[in-house]
Amino acid sequence: MEILRSALDCMEKAVDNLRKLDIAVSRLKAVGITNQRETTVVWDKETGLPLEKAIVWLDTRTSAIVDELSRLPEYGCSRVKELCGLPLSTYFSAVKLRWLLEHSDKVRLAVAQERCLFGTVDSWLLWNLTGGPRGGVHLTDVTNASRTMLMNLRTLDWDDRLCRFFEIPRAILPAIRSSSEVYGSVSSGCLQGVPISGMLGDQQAALVGQGCLQKGQAKNTYGTGCFLLYNVGAEPVLSSHGLLSTVAFKFGDEAPCYALEGSVAIAGAAVRWLRDNLGVLSSASDIEAVASSVSDSGGVYFVPAFSGLYAPHWDSSARGTICGMTQATTSAHIARAVLESVCFQTREMIEAMHSDSGTGLASLQVDGGMTVNSLLMQLQSDLLGIDIVRPSMPETTALGAALAAARAVGLSCLFECAQSTVDTFHPSIARRERDARFLQWRRAVDRSKGWLLPLVEPEQSGASLLSGGVFLMASFALLVLSTESC
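Since the model is a prediction, treat every value here as computed from it, not as a measurement.

Student: I'm lost on the sheet that holds strand β8 (residues 218-222) in this one. Help?
Tutor: Either a parallel or an antiparallel arrangement is found when strands of a sheet pair, and the pairing is made through backbone hydrogen bonds. Here we have seven strands laid out as an open sheet, ordered β10-β11-β9-β8-β14-β15-β16, and mixed in their pairing. Unpaired on one side and paired on the other, β10 (244-249) and β16 (422-425) mark the two borders of the sheet. When strand polarity is set aside, the average angle formed by the axes of neighbouring strands in this sheet is 30°. Sheet contacts for helix α12 (residues 331-357): β8, β9 (226-233), β11 (257-264) and β14 (363-367); angle to β9, the most-contacted strand, approximately 20°.

Here is the structure:
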């Protein structure tokens, strides 16, 4: 219920702000929803109350289920990915829902009595905002559905084979709609009667908000981690380089647009590590000044594999590594290496996307909290060799949901006038230097891998056994000679 209360509070405060600006609420034409993807909610359609607490996207309690399913021959890992574009992982909603069905008596009873509804956060909010138990609509959009492991990436509908594989009753799933159409209207409160006409997962909303509507365009969100979405056009591309295939958006009756997605676990979190664990920074914003106090990283390379490596390596046994330190290394060199690590990880994802799609990037749109750091943006441009485009409008996720909602009520013109002013960062180093530094980064990554794997005692070779035997025989001979001489 906390998620719903937060959304309602946000709406109330937004309306209050409009009134302070002398803007009539009646001028509002539509509402859009954007949400954290994969997070799983189940609730009772008669009472409107959640049956259990939501299971968030980072929750790994489903590891045993993933291990069990990965051993099944039918629709195993490769077959699941072929149908839905996603690997078997604790990340996605299907295994979270499967866990609830296995471990919650309340959920099982509600399913048996046909009272249970499932949804990601968008579905939960939409159902409540349109009336809840009194006529709320139970829908989701294609971008959120594509993160469940239950939707067929090509038909854009729930796949019966996947539902059987994960043992999910189809009756509890929301109907799938486009990202831009009128789903219903707000049933009560300060926005009563306003149509809800846009829904996208947060990263897809940022893609739309950045204006990446054409094949070959991409955006990267720099936050705690990094999320890179790359528009691949009207046909899905299944990755062979550790990336995710997903729906980018679908506007009304138009054809869907697909994307490849790469995720980095540690980006801004590494800056907090410098501040909180090492005491190198007084505040996270200090890193730009500290890293700028040196001209380069002094040959230091930092791999922030605190909980393993994500795309494109997917190595859970890797751990954080700092390579190349000398007696001259300072905290400023390490701070700069931390920023460079974010850029190198982004380059790895972009190279994987290029290999999968065959399409290169001319520029990269960026958003997220870390993009206020101009040094980071310049480093990113240098290490990618392309322009980095930073918009003056930082809330691109909210903007994307608003644009999708506007499009559904006949305000497509907003897509053109919504483009904000930008800062553009151009590469300032030669390709040879860029590639040499990236090669060193890869060497550092290799050293971080397999750190948690069990140590194996090397088997003694025949040579080592022979040398030991020779030593023993020689010692015995010396003892005999010594005894005879006595």
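Student: Quick question: what am I supposed to make of unusual backbone geometry here?
Tutor: Most peptide bonds take the trans configuration, and most residues that are not glycine carry a negative phi. Unlike most non-glycine residues, Glu114 shows phi in positive territory, near 60°. Residue placement: Glu114 occurs in the loop between α5 (105-112) and β3 (116-119). The exposure class of Glu114 is exposed, given its relative accessible area of 62%. Backbone geometry at Met149 places phi at a positive 75°, although glycine is not the residue there. Summarising the element assignment, Met149 is placed in the loop between α7 (142-145) and α8 (160-166).

Student: Is there a simple way to explain the packing of aromatic side chains in this structure?
Tutor: Under the criterion given, the structure shown has 13 aromatic pairs. Here Trp57 and Tyr91 contribute two aromatic rings whose centre-to-centre distance is 5.5 Å and whose plane-to-plane angle is 45°, an arrangement assigned as tilted. Of the two residues, Trp57 sits in the loop between β2 (41-44) and α2 (63-70) while Tyr91 sits in the loop between α3 (77-84) and α4 (93-103), which places them 34 residues apart along the sequence. Their ring planes at 50° and their centres at 5.3 Å tell us that Trp273 and Phe306 sit as a pair that is tilted. Separated by 33 residues along the polypeptide, Trp273 in helix α10 (residues 268-276) and Phe306 in the loop between β12 (301-303) and β13 (321-323) bring together distant segments of the chain.

Student: What exactly am I supposed to notice about the layout of surface pockets here?
Tutor: Using a probe with the size of a water molecule, rolled over the atoms, empty space left in the structure can be pinpointed. Approximately 1200 Å³ is the volume found for the largest pocket. Residue lining of the largest pocket: 35 residues in total, with Cys10, Met11, Val31, Gly32 and Ala398 positioned closest to the centre. Mapped onto the lining of the largest pocket, the elements with two or more residues apiece are α1 (2-20), β1 (31-35), α6 (121-129) and α14 (396-408). In the lining of the largest pocket, the residues fall into 25 nonpolar, seven polar and three charged. The wall of the second largest pocket is formed by 20 residues, among which Ser89, Thr90, Tyr310, Trp314 and Ser316 lie closest to the centre. Taken together, the residues of the lining of the second largest pocket break down into eleven nonpolar, seven polar and two charged.

The rules behind each value
Residues numbered from 1 in each chain as written. Predicted model: local features only at pLDDT ≥ 70, side-chain atom pairs only at ≥ 80, totals over all residues. Heavy atoms only, no water. Pairing = 2+ DSSP bridges. Helix = DSSP H or I, 4+ residues; strand = E, 2+ residues; numbered from the N terminus. Axes fitted to C-alpha atoms, helices over the stretch in contact; angles between N-to-C directions. Contact = heavy atoms within 4.5 Å. Buried < 20%, exposed > 50% of the residue type's maximum accessible area, 1.4 Å probe, protein only. Phe/Tyr/Trp six-rings, centres within 6.5 Å; stacked < 30°, edge-to-face > 60°. 1 Å grid on protein atoms, 1.4 Å probe; cavity = no way out; pocket = protein on both sides within 12 Å on 5 of 7 lines; lining within 4 Å. Points joined across faces, edges and corners; volume = space filled by probe spheres on them. Nonpolar A, V, L, I, M, F, W, Y, C, P; charged D, E, K, R; others polar.

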